[in-house]
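One letter stands for each residue in the lines below.
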Amino acid sequence: MQRSEAIALISGGKDSLLSLYHAIANGYNVVALGNLHPPTFATPTAAYTTDESGTTIYTPSSSSSAAALGPAATTSDELDSYMYQTIGHTLLPLYATCLNLPLYRRAILGGSVNTTLDYGVHEGDGDETEDLTLLLRSVMKRHPNVVAVTSGAILSTYQRTRIESVCSRLGLTSLAFLWQMRQEDVLMQLSTLGFDARIVKVAALGLDEEWLWVNVADAKVKARLQRLKERWGINVAGEGGEYETLVVDAPGWRGRIEVPEEARVVVREGGGAAWVGFKEATVVGREGRGQEEWAHKLPGNDIFDPESQALLESLTDSTPPAPSTEAGAAEDDDTHLSPRITTTQNTTHISNLVSPLPAASLAEELNAIFTLLTSLISPRPLTDITSITLLLRDMSSFAAINALYSPHFHLPLPPSRVCVSVPGLPQGRNIMLSASLSGNTGAPRKGLHVQSRSYWAPANIGPYSQAVLNNGWWEVAGQIPLVPASMQLVEGRREQAVLALQHLERIWTAVGATGKAAVAWVVSEVMVGIVVDTWRREGPVMIVQAVALPRGAEVEWVGFGVDNQREEEEGMAEMVFVDCSTAEEAADELASKVVATGAVVTVYLPVCVGSVQTFLKCWKGDVAVGVMPVGAVWDGEGKRRTVGCVIKKS
């Protein structure tokens, strides 16, 4: 099987090189190394050329010779950069020979112009991120088959979002396999693989110059770092800037980097910081191995974390599943449907938005919906929207609609999104849309938008964020059970329910959500009992039936979470259910129960009960409601109910 080609961004540090090994373990063939360095640097005596754009290219050397690094190596020209590690950069040309790969280097000429966490497109404004764009273009010109870029981001949203921005514009996949990995696990993997990663800078309480040039993969060093964590709270992998490393040897290399003691110079800075400068270094050659063998000692990554694995193992088939039914069909209602608008002090919610007239194509229909949406929220732009729900008649149209949807949201934090196929859309309509906007127009946009492949949670399939904050509510995108590293569906119904919920939980944890509630979309009634058993936590849950879900998934979890900065007494989402026979009866009974003011209310209406238009015509409540047509509704105990609704106080 042919392996996809990737570029590895390396700083010489442990994280960027460990990420390279994870890329290999996940089926990529690394064909080139990339590095950015300070504008002035010493050039080792290694073979190099410079292309027409100014990128320097180092080719692997077949000899083992001392490399004279020059005076710049012992004076600090480290950049004050949030984006790049530049300590020890003078040794970087040696990595071409060590890894037997061409190394592409470019000077960092930009500065930290845009310092927001979420990076947009800023070509030409002098930001250091755009130096990476130029570097990768140079590599792609000589390696036209590359499809991905590896980086060592673990916790740095600042670094990850900038790499993702560049990759997105160049049509590359960002690989960040260390993202959100436990730092103890990072050090454990270095040891397992046999890395020799030397500390070259210290800048934290408890770390003095005696730590310089020790190997962080050594068991005794790891134990010492763990004790410092327990005493002073340091990050054991240095994610808080406590220390920086250079890898001098790793599995499969064609040579190791040796720096004699007399060639290492300790430079002391203010505040207790110290770093190592280098006068010379040597690559000591040996026989290398093919890339496929480099990562064979890397521990396999478990799809499920320990809590989810325990939950999965506790789920049994002892309770017979309910009879499987498909989402009920209903005759299309051709009654005119107008959008419903809920406006509170803190939010605006627009629901049941469809094309005013039947359209000749999906493109025409979606364009009509966005034209209407734009007029309804004017003078605010579409980019103020925090979440969108797309209900489709046919999930097979998802790819086409996604391509048409994307151009509307070219921004660092696009709205979160839920997309399902449902029965009961108005006659002649293939799309129904709902959208939310924050009422606080002056507040900075806050959210989570991870586009990199990792082991953490799925990267975005489309132009949406995992979560966006809307005045105290985390609006989370629907989560389906994709294995994050491969983006393929996990097999098994129970596995799907547990994995998709794990994704939701990880997003909630990342953004700091409390007061959690969820709606689980399922295709088959067989999933109802499994979902009930999977949701073992405080907080309400509702199960609703769709016709189909993205990628053919059996379940999609949609979460509602309260921001941890919001006042506790404001509570979580409330769920109300009623049992009756018709849409008219359901509307009357719900109207008597839903009395909350300043709330966004969404009704989930099975098509066997009635149409969206009939329900809204009968609605006499004081609160405006949006209605989603579904196949069926179940409560948190798995009991089938006539109608359910979610109430979010805003």
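Anything mentioned here points back to the structure above.
These remarks concern the structure in this document. (Residues numbered from 1 in each chain as written. Predicted model: local features only at pLDDT ≥ 70, side-chain atom pairs only at ≥ 80, totals over all residues. Heavy atoms only, no water.)

## Description of the overall build of the protein chain
Check the secondary structure of the protein chain and you find 14 helices and 33 strands. Rg of the C-alpha trace for the protein chain: 28 Å, near the compact-globule value of 26 Å for 650 residues, within the 12% margin. Contacts in the protein chain between residues far apart in sequence, at least 24 positions, make up 77% of those at least 6 positions apart. When the accessible surface of the protein chain is summed, it comes to about 25,700 Å², and 49% of that surface belongs to carbon and sulfur atoms. (Helix = DSSP H or I, 4+ residues; strand = E, 2+ residues; numbered from the N terminus. Rg over C-alpha atoms; globule rule 2.2 N^0.38 Å. Contact = heavy atoms within 4.5 Å. Areas by Shrake-Rupley, 256 points an atom, 1.4 Å probe, with all protein chains shown as cover.)

## Looking at the pattern of salt bridges
With the rule as written, the count across this model stands at 26 salt bridges. Taking the shortest distance from any N to any O, the salt bridge between Asp15 and Lys14 comes out at 2.8 Å. Summarising the burial analysis for this pair, Asp15 and Lys14 share the class buried. With a closest N to O distance of 3.9 Å, Glu589 and Lys593 form a salt bridge. With Glu589 and Lys593 both in helix 13 (residues 583-593) and 4 residues apart, this pair spans about one turn of that helix. Using a relative accessible area of 41% as the deciding quantity, one classes Lys593 as partly exposed. Among the charged side chains, a network of salt bridges with common partners joins Asp196, Arg198, Asp249, Arg256, Glu258 and Arg286. (Salt bridge = Lys/Arg side-chain N within 4 Å of Asp/Glu carboxyl O. Buried < 20%, exposed > 50% of the residue type's maximum accessible area, 1.4 Å probe, protein only.)

## Re the packing of aromatic side chains
For the structure shown, the criterion picks out 13 aromatic pairs. Both rings, one in Tyr48 and one in Tyr58, keep their centres 5.4 Å apart while their planes meet at 40 degrees; by these two values the pair is tilted. Of this pair, Tyr48 sits in strand 3 (residues 48-50) while Tyr58 is found in strand 4 (residues 56-58), placing the two residues 10 residues apart along the sequence. Taken together, Tyr21, Phe195 and Trp294 form an aromatic cluster joined through their ring pairs. Directly above the aromatic system of Tyr405 lies the positively charged group of Arg417, at a separation of 4.7 Å from the ring centroid. If you follow Arg537 out to its NZ or CZ, it ends over the ring of Trp535, 5.0 Å from the centre. (Phe/Tyr/Trp six-rings, centres within 6.5 Å; stacked < 30°, edge-to-face > 60°. Lys NZ or Arg CZ within 6 Å of the ring centre and 35° of its normal.)

## Points about the sheet that holds strand 22 (residues 473-476)
Sheet architecture is open: 8 strands sit in the order 20-21-22-27-25-26-31-32, paired in mixed fashion. Edge positions in the sheet fall to strand 20 (447-448) and strand 32 (640-641), since each of these pairs with one other strand and no more. Summarising the sheet, strand 31 (residues 633-634) and strand 32 pair through 2 bridges and their orientation is antiparallel. What sits directly across from Val633, in strand 32, is Arg641. (Pairing = 2+ DSSP bridges.)

## Things to note about the sheet that holds strand 29 (residues 599-606)
Taken in spatial order, the 4 strands of this open sheet run 28-33-29-30, and their pairing is mixed. Only two strands of the sheet have a single neighbouring strand rather than two, namely strand 28 (574-578) and strand 30 (625-630). Within the sheet, the average angular offset between the axes of one strand and its neighbour, ignoring direction, is 20 degrees. Relative to strand 30, strand 29 runs parallel, the two being bridged by 6 bridges. Residue pairing for strand 30: Val601 is matched across the bridge by Val625. The strands that helix 13 touches are strand 28, strand 29 and strand 33 (643-649); relative to strand 28, the one it contacts most, it runs at about 140 degrees. (Axes fitted to C-alpha atoms, helices over the stretch in contact; angles between N-to-C directions.)

## Brief notes about unusual backbone geometry
The residue after Ser378, namely Pro379, is reached through a cis peptide bond having omega 10 degrees. Positionally, Pro379 belongs in the loop between helix 9 (362-377) and strand 17 (385-392). A positive phi angle, close to 55 degrees, is found at Asn100, a residue other than glycine. Positive phi values are uncommon outside glycine, yet Trp213 reaches one of about 70 degrees. By the element assignment, Trp213 lies in the loop between strand 9 (196-202) and helix 6 (219-232).

## Some thoughts on the nonpolar core
Formed by 70 residues in total, the largest nonpolar core has its most connected members in Leu20, Tyr95, Leu99 and Leu225. No other element matches the 6 residues that helix 1 (residues 14-25) contributes to this core. In this view, Tyr95 contacts Ile10, Gly12, Leu17, Leu33, Asn100, Leu246, Val247, Trp253 and Ile257; residues no more than four positions away in its chain are not counted. Membership of the second largest hydrophobic core comes to 57 residues, among which are Val544, Ala583, Val594 and Val612. (Core = buried A, V, L, I, M, F, W, Y, C linked by side-chain atoms within 4.5 Å.)

## Structural notes on the environment of Gly238
You can see Gly238 is positioned in the loop between helix 6 and strand 10 (243-249). Here the alpha-carbon distance between Gly238 and Ala203, two residues 35 residues apart in the chain, equals 9.7 Å.

## Quick word on the pairing of strand 25 (residues 513-522)
On a regular strand, one side chain projects to one face of the sheet and the next to the other, so that they alternate. Of all 10 residues in strand 25, 7 are buried; the element is thus mostly enclosed. Sheet analysis places strand 25 next to strand 27 (residues 555-563), joined by 8 bridges and oriented antiparallel. Paired with Ala518 across the bridge in strand 27 is Gly559. Handedness of the β-α-β unit built from strand 25, helix 12 (residues 527-534) and strand 26 (residues 541-545) comes out right-handed. (Right-handed = clockwise from strand over helix to strand, strands pointing away.)

## What to know about the pairing of strand 12 (residues 264-268)
Sheet analysis places strand 12 next to strand 13 (residues 274-278), joined by 5 bridges and oriented antiparallel. Bridging across to strand 13, Arg264 finds its partner in Phe278. With antiparallel pairing between neighbouring strands as the criterion, strand 12 and strand 13 make up a hairpin whose turn holds 5 residues, including Gly271 at a positive phi of roughly 75 degrees.

## Notes on helix 9
In this model helix 9 runs 23 Å from its N-terminal to its C-terminal C-alpha over 16 residues, within 8% of the 22 Å that 1.5 Å per residue would give. Within the sequence span of helix 9, burial applies to Glu365, Leu366, Ile369, Phe370, Leu373 and Ile377. Buried residues along helix 9 cover an arc of 130 degrees about the axis, so they all sit on one side. Where the residues of helix 9 are buried, they touch strand 16 (347-353), strand 17, helix 10 (398-405) and strand 19 (431-438). (Expected span 1.5 Å × (residues − 1). Arc of directions from axis to C-beta.)

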